[in-house]
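In case you want the letters, here they are:
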Amino acid sequence: YVGSFLKVFMSMLLHNPAVVVTDFEPWTAWSAMLLRIPLLSIHLPGHYLPPQPFIRNNASLPSAARFKGNDWWDRFTLWLITSMTIPYADKVVIPSFFRIPLKDQRAQYVQPIIRDEILKRKSVVKNHVLVYQTTGTYAQLISVLKQFPQQQFIIYGFPKHGTEQNVVFKSFNEDEFFDDLCSAKGVITNGGISLMTESVFLGKQVLSIPIHGQGEQRVNAFFVGYAPAENPE
């Protein structure tokens, strides 16, 4: 860590850039701050905690997607990580499919980033639901999915390959994944912003199961219910 920081710091000291752009990376941010170089930071929306009035009961959203009064630790760790990673920025750009009211005059929203592989495909609706998980904590989800035999589920990210009843496990292949996403009738995923953004863009229904302890993912999961689809052609 120290070596990485010193390498970035010395590079900036040597080249003296007019401005530094960082994608939520700490060494460039701290180096720019110490050297007093203007910094443009690309933040994710979850890095800006929603004001308390927006974290409230809503009959159309599962309560698990909300911050509750006793979830202060998630809120604190999210604030701490964000503050330590980007202690200061002259300008903040937030690509997002939803909008949290911002009081910070340095921050502004821009359109979310959609990969070219998604833009060049058409959104259609077939019978399967795409399931994407990146942790092993949701093993019990498989037994739940098997309780709906009439529905096919295609799962990526699980350390298996093959078919079990109505559940199809696939090893990750980028082209095949994009095809399954664009033709899915719905998506089950964690609270990661990239897949949720592309699912909303494609007009897919999203069930988000945030990873425990990830405050940013809980913010994304809460607001996905309010996000309008882009209705792509």
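Bear in mind that the values here come from a model prediction, so they are computed numbers and not experimental data.

Asker: How would you explain the packing of helix 1 (residues 2-15) against helix 2 (residues 26-35) if you had to name every residue and give the values?
Answerer: The interhelical angle for the contact between helix 1 and helix 2, taken along N-to-C directions, is 45°, at an axis separation of 9 Å. Comparing the axis directions of helix 1 and helix 2 gives the class oblique. In this structure, the crossing between helix 1 and helix 2 has a hand that is right-handed. Contacts between helix 1 and helix 2 involve Ser-4, Phe-5, Val-8, Phe-9, Met-12 and Leu-13 from the former and Trp-27, Thr-28, Trp-30, Ser-31, Ala-32, Leu-34 and Leu-35 from the latter. When its residues are assigned to classes, the contact of helix 1 with helix 2 shows ten nonpolar, three polar and no charged.

Asker: Could you give an account of helix 6 (residues 174-182), with specific residues and numbers?
Answerer: Inspection of helix 6 places Phe-177, Phe-178, Asp-180, Leu-181 and Cys-182 among the buried residues, and these make up the whole buried set. Turning to helix 6, the residues buried within the fold contact helix 4 (116-119), strand 5 (128-132), strand 6 (152-156), strand 8 (167-170), strand 9 (186-189) and helix 7 (193-201). For helix 6, the N-terminal capping position is held by Asn-173, with its side-chain oxygen 3.3 Å away from the main-chain nitrogen of Asp-175.

Asker: Go over the sheet that holds strand 7 (residues 162-164), please, and point to the residues and values.
Answerer: Spatial ordering of the open sheet is given by 7-8-6-5-9-10, a layout of six strands whose pairing is mixed. Taken across any chain shown, the strands that pair with only one partner, and hence form the sheet edges, are strand 7 and strand 10 (205-208). This sheet shows a mean twist of 20° between the axes of neighbouring strands, independent of strand direction. Judged from the three bridges that link them, strand 7 and strand 8 form a sheet pairing that is antiparallel. Within strand 8, the residue paired with Gly-162 across the bridge is Phe-169.

Asker: Kindly report on a nonpolar patch on the surface, identifying the contributing residues and their values.
Answerer: Judged by side-chain polarity, Trp-73, Phe-76, Trp-79, Leu-80 and Met-84 come together as a nonpolar surface patch covering roughly 550 Å² of accessible area. By the element assignment, Leu-80 lies in helix 3 (residues 72-85).

Asker: Tell me about the packing of aromatic side chains, and name the residues and values.
Answerer: For the structure shown, the criterion picks out nine aromatic pairs. Ring centres of Phe-172 and Phe-177 lie 5.3 Å apart, and the angle between their planes is 40°; on these two criteria the pair is classed as tilted. In textbook terms, an aromatic cluster arises when at least three aromatic residues are bridged by ring pairs, as seen for Tyr-132, Tyr-156, Phe-172, Phe-177 and Phe-178. Sitting over the ring of Phe-169, Lys-160 keeps its end group 4.8 Å from the ring centre.

Asker: Give me the lowdown on the confidence of the model for the chain, citing residues and values where you can.
Answerer: Do not read the fine detail of predicted coordinates wherever pLDDT is low. When the pLDDT values of the chain are averaged, the result is 81; 81% of them are 70 or greater. Ranking the helices and strands of the chain by mean pLDDT puts strand 5 first, with 95, and helix 3 last, with 76. Scored below 50 in pLDDT, residues 51-67 shows 30 contacts in the model against residues more than four places distant or in partner chains. In the predicted structure, residues 229-233 sits below a pLDDT of 50 and forms ten contacts with residues beyond four places in sequence or in another chain.

Asker: Any chance you could break down the pattern of salt bridges for me, citing the residues and the numbers?
Answerer: With the rule as written, the count across this model stands at seven salt bridges. The residue Arg-121 makes a salt bridge to Asp-175 at a minimum N-O spacing of 3.8 Å. One end of the pair, Arg-121, is in the loop between helix 4 and strand 5; the other, Asp-175, is in helix 6, and 54 residues separate them in sequence. Overall, Arg-121 belongs to the buried group, its relative accessible area being 16%. Take Asp-175: its relative accessible area is 47%, and that puts it in the partly exposed class.

Conventions adopted
- Residues numbered from 1 in each chain as written.
- Predicted model: local features only at pLDDT ≥ 70, side-chain atom pairs only at ≥ 80, totals over all residues.
- Heavy atoms only, no water.
- Axes fitted to C-alpha atoms, helices over the stretch in contact; angles between N-to-C directions.
- Helix = DSSP H or I, 4+ residues; strand = E, 2+ residues; numbered from the N terminus.
- Parallel < 35°, antiparallel > 145°, perpendicular 65-115°, else oblique.
- Left-handed = near helix turned anticlockwise from the far one by under 90°.
- Contact = heavy atoms within 4.5 Å.
- Nonpolar A, V, L, I, M, F, W, Y, C, P; charged D, E, K, R; others polar.
- Buried < 20%, exposed > 50% of the residue type's maximum accessible area, 1.4 Å probe, protein only.
- Polar contact = N/O pair within 3.5 Å; in protein donor to acceptor, adjacent residues only side chain to side chain.
- Pairing = 2+ DSSP bridges.
- Patch = residues over 30% accessible without salt bridge, like charges linked within 9 Å, V, L, I, M, F, W, Y side chains within 5 Å.
- Areas by Shrake-Rupley, 256 points an atom, 1.4 Å probe, with all protein chains shown as cover.
- Salt bridge = Lys/Arg side-chain N within 4 Å of Asp/Glu carboxyl O.
- Phe/Tyr/Trp six-rings, centres within 6.5 Å; stacked < 30°, edge-to-face > 60°.
- Lys NZ or Arg CZ within 6 Å of the ring centre and 35° of its normal.
- pLDDT = per-residue confidence, 0-100.

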